[in-house]
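Coordinate analysis (summary)
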Amino acid sequence: MKPLTEREIRSAFVNCSKGEAKRLSVPHDLAERPWDDLDFFGWRDPQAPDRGYLVAEIDGGLQALTLRASHSTVGQTRRSMCSLCVTTHTGGVSLLVAPKAGKAGKQGNSVGAYMCSDLACSLYVRGKKDAGSGSRLHETLTLEEKIERTVTNVAAFFAKVTQSA
């Protein structure tokens, strides 16, 4: 992924108002992020731990989503799998919900998926971050195929959020 600026990130949000995008917390260390190893940029808001954000290149353009984590603590010690990168974690996967874009979102419709709680899927896929023993299933896919699967899953999630109701 190419390095992003705060301005690019804020202008890419598709499921919140411009005012909300202006007020949300963007990391201050954008220059230090491992952009070459990222297929999408995701982060959790340190001031509001139940909030998360995803930014990805979709169909040649930049799109961003606001996410909210469920507050459930049930199953936090159970091993779960991220639906984006297929990494398994014990307590490191959260149900993250995105309001749908446009009129559907204003009516309260949303889309959810189980994702790595820290949104570092790209780093788990590449082995740059460790989710613990047994976190990566044995697969015959190449690294490039695993990356492509993650990119496809991210694009599918964005499509569910942005499709018309």
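Residues numbered from 1 in each chain as written. Predicted model: local features only at pLDDT ≥ 70, side-chain atom pairs only at ≥ 80, totals over all residues. Heavy atoms only, no water.

Our next topic: the overall build of the chain. When helices and strands are counted, the chain shows five helices and seven strands. Ordered by position from the N terminus, the helices and strands of the chain form the series α-α-β-β-β-β-β-β-α-β-α-α. The globule rule puts the C-alpha radius of gyration for 165 residues at 15 Å, and the 15 Å found for the chain is close to it. The principal-axis extents of the C-alpha atoms in the chain amount to approximately 45 × 35 × 30 Å. By element, 51% of the accessible surface of the chain is carried by carbon and sulfur atoms, the whole surface being about 9000 Å². Positive and negative side-chain charges of the chain, numbering 22 and 18 respectively, have mean locations separated by a distance of 8 Å. (Helix = DSSP H or I, 4+ residues; strand = E, 2+ residues; numbered from the N terminus. Rg over C-alpha atoms; globule rule 2.2 N^0.38 Å. Areas by Shrake-Rupley, 256 points an atom, 1.4 Å probe, with all protein chains shown as cover. Lys, Arg positive; Asp, Glu negative; His and termini not counted. Charge placed at Lys NZ, Arg CZ, Asp CG, Glu CD.)

This next bit is on the environment of histidine 28. Looking at where histidine 28 falls in the secondary structure, it is placed in the loop between α2 (18-23) and β1 (41-45). Along the chain, histidine 28 and lysine 160 lie 132 residues apart, while their C-alpha atoms are 29 Å from each other.

Another point: the sheet that holds β1. Spatially, the five strands line up as an open sheet ordered β1-β2-β3-β6-β7, and their pairing is antiparallel. Each edge of the open sheet carries a strand with a single partner, namely β1 and β7 (110-116). With direction set aside, neighbouring strand axes in the sheet form an average angle of 30 degrees. (Pairing = 2+ DSSP bridges. Axes fitted to C-alpha atoms, helices over the stretch in contact; angles between N-to-C directions.)

For the rest of this paragraph, the subject is the nonpolar core. The biggest cluster of nonpolar side chains holds 43 residues, and the ones touching the most others in it are Ile9, Phe13, Phe41, Trp43, Met115 and Phe157. Where this core is concerned, the elements lending two or more residues are β1, β2 (48-58), β3 (61-69), β6 (93-99), β7, α4 (121-125) and α5 (143-162). The contact partners of isoleucine 9, leaving out residues within four places of it in the chain, are Leu4, Val26, Leu30, Phe41, Trp43, Val55 and Ala64. (Core = buried A, V, L, I, M, F, W, Y, C linked by side-chain atoms within 4.5 Å. Buried < 20%, exposed > 50% of the residue type's maximum accessible area, 1.4 Å probe, protein only. Contact = heavy atoms within 4.5 Å.)

In this section: the pattern of salt bridges. When the charged atoms of two side chains with opposite charge come close together, those side chains can pair. This model, assessed by the stated rule, comprises eight salt bridges. Close ionic contact of aspartate 50 with arginine 68 constitutes a salt bridge, the shortest N to O distance being 2.8 Å. Taken as a pair, aspartate 50 in strand β2 and arginine 68 in strand β3 lie far apart in primary sequence, 18 residues in all. The exposure class assigned to aspartate 50 is buried, which follows from its relative accessible area of 18%. Here glutamate 139 makes a salt bridge to arginine 149, at a shortest N to O gap of 2.6 Å. Linking glutamate 139 in the loop between α4 and α5 with arginine 149 in helix α5, this pair joins segments that are ten residues apart in sequence. (Salt bridge = Lys/Arg side-chain N within 4 Å of Asp/Glu carboxyl O.)

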